[in-house]
Amino acid sequence: HLISFNQHVLSRGGEVEQTWLNEGLSHIAEELASKMYEARFPAPLGRSTKEQIFPDSAGPFIAPLLLNAYAYLNSALEHSATAYEGVGSLEERGATWLFLRWLGDQKGDAIFRRMVEAPVTGFANVERASGEAFPALFGDFSLALFSDSLPGISRSLVAPRQRFLSRNLRQLMAREATIAGFPNPFPLATYALAVGGSLRSAMFPGTMVHAIVRTPGANAPMRLSFTTPGFTPFAPSLGGQVSIMRLPP
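Below: a short report on this structure. The residue count restarts for each chain, going from 1 along the sequence in the order it is written. Side-chain atom pairs in this predicted model are given and counted only at pLDDT of 80 or more, local residue features only at pLDDT of at least 70, and totals for whole chains, interfaces and linings cover all residues. Side-chain numbers here rest on the full set of heavy atoms in the structure, without hydrogens or water.

## Describing the environment of A58
Basically, it comes down to this: Labels follow the DSSP assignment, with helices taken as runs of H or I lasting at least four residues and strands as runs of E lasting at least two, numbered in each case from the N terminus. Throughout, a contact is declared for two residues whenever any of their heavy atoms are within 4.5 Å.
Structurally, A58 can be placed in the loop between α2 (19-40) and α3 (59-74). The residues touching A58, leaving out its near neighbours within four places in the chain, are S34, Y37 and E38.

Here is the structure:
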C-alpha cells in the first residue's frame, strides 16, 4: 500500500488507487513472495509432508489467498471482484486475486509493476497496462474460472486465454478443501439450462453466473435471450455481457 501510494500520488500526482485494485495488487505481492520460495524449493524439497503443493516457506504467503479464493468461489453470486464493501471482504479479496492472477498469466507478471507505476486507477489502469478493454478481460476471466483444469479434458485442449497458466485452479481448490475440511473440492456453482427453459439469477456487479446450456443438436441453432426480472432490456450502464465456451459432447 505504501508503494502504491508513493507511485500513484507522490511520484505522479494522481489519485489513490481504487480499493479493489489496491487490495488485489497487495495480495499479488504476497503471492510473488510465495513464488520466490516455490522457485527456491521445487517439489519435493522444503515440504514437511509429501501431500503439500507448496513448500513450508511459501505457506504463510499463499495459504490465505487460497482460502479467500475458495470462499469466493463458494458464494460467487454474492461477492464482487471490483465493487468492495468497505475495505473488502475475504471473498471479495479472493475474487480480485483470482482475476489479477489470471491477468498476470495472460500478460506476464510485469503488468503488475505497470499498474503500480501508473498515473490512472481502477478499470482505466487495468486497460492501460493490458492494452485491452476491461469487459473483454473480465469476460474471458469468468470462463477461465470454470474451464481451467476441466475434469477429463486435457489442459492443452483449452485455449490459454480460458485458463490459468501458472496455477491449476481445481487442484488448488481441492487441496484447500482437504486442508480446511470443506466437502466440495471445487465449489463454483453451475446451473443447467435446457432447451426451452429459463434461469433467473441475481448477482452483484463485478461477478458472474455460470450456466451449462444443452443444445438441441450438434449443428442446431439456438437462441439465448437476457432480460431484467420485468422482461425489459438491461440498461447499458449495468455493463451486462455474455461469454460462451463450447464444451465437447
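The structure having been displayed, the exposition proceeds.
## So, the environment of G88
As a reminder, the rule being used: The cut-offs for exposure are 20% and 50% of the maximum accessible area for each residue type, with area from a 1.4 Å probe on protein chains only; residues under the lower value are buried, those over the upper are exposed, and the others partly exposed.
Looking at the secondary structure, you find G88 in the loop between α3 and α4 (90-107). Residue classification places G88 among the buried residues on the basis of a relative accessible area of 15%.

## Quick notes on helix α6 (residues 122-130)
This is how it is decided: Comment: arc refers to directions from the helix axis out to C-beta atoms.
Of the positions making up α6, those classed as buried are G122, N125, V126, A129 and S130. Viewed along the axis of α6, the buried residues span an arc of 110°, placing them on a single side of the element. Among the structural elements, α1 (2-11), α2, α4, α5 (110-116) and α7 (134-147) are those in contact with the buried residues of α6. G131 sits one or two positions beyond α6 and adopts a positive phi of about 75°.

## Re the packing of α2 against α4
Quick note on the threshold: For helices, the axis comes from a line fit to the C-alpha atoms of the stretch in contact; other axes are also lines fit to C-alpha atoms, and the angle between any two N-to-C directions lies between 0 and 180 degrees. In what follows, roughly perpendicular refers to angles from 65 to 115 degrees, roughly parallel to angles under 35, roughly antiparallel to angles over 145, and oblique to any angle outside these ranges. It is the rotation of the near helix from the far one that decides the hand of a crossing: anticlockwise by less than a right angle makes it left-handed, clockwise makes it right-handed.
Put simply, α2 and α4 touch, their axes get as near as 9 Å, and they point 65° apart. Judged by the inter-axis angle, α2 sits roughly perpendicular to α4. The way α2 lies across α4 gives a crossing that is right-handed. Note on element contacts: α4 touches α2 through R93, T96, W97, L100 and R101, opposite W20, L21, E23, G24, L25, H27, I28, E31 and K35.

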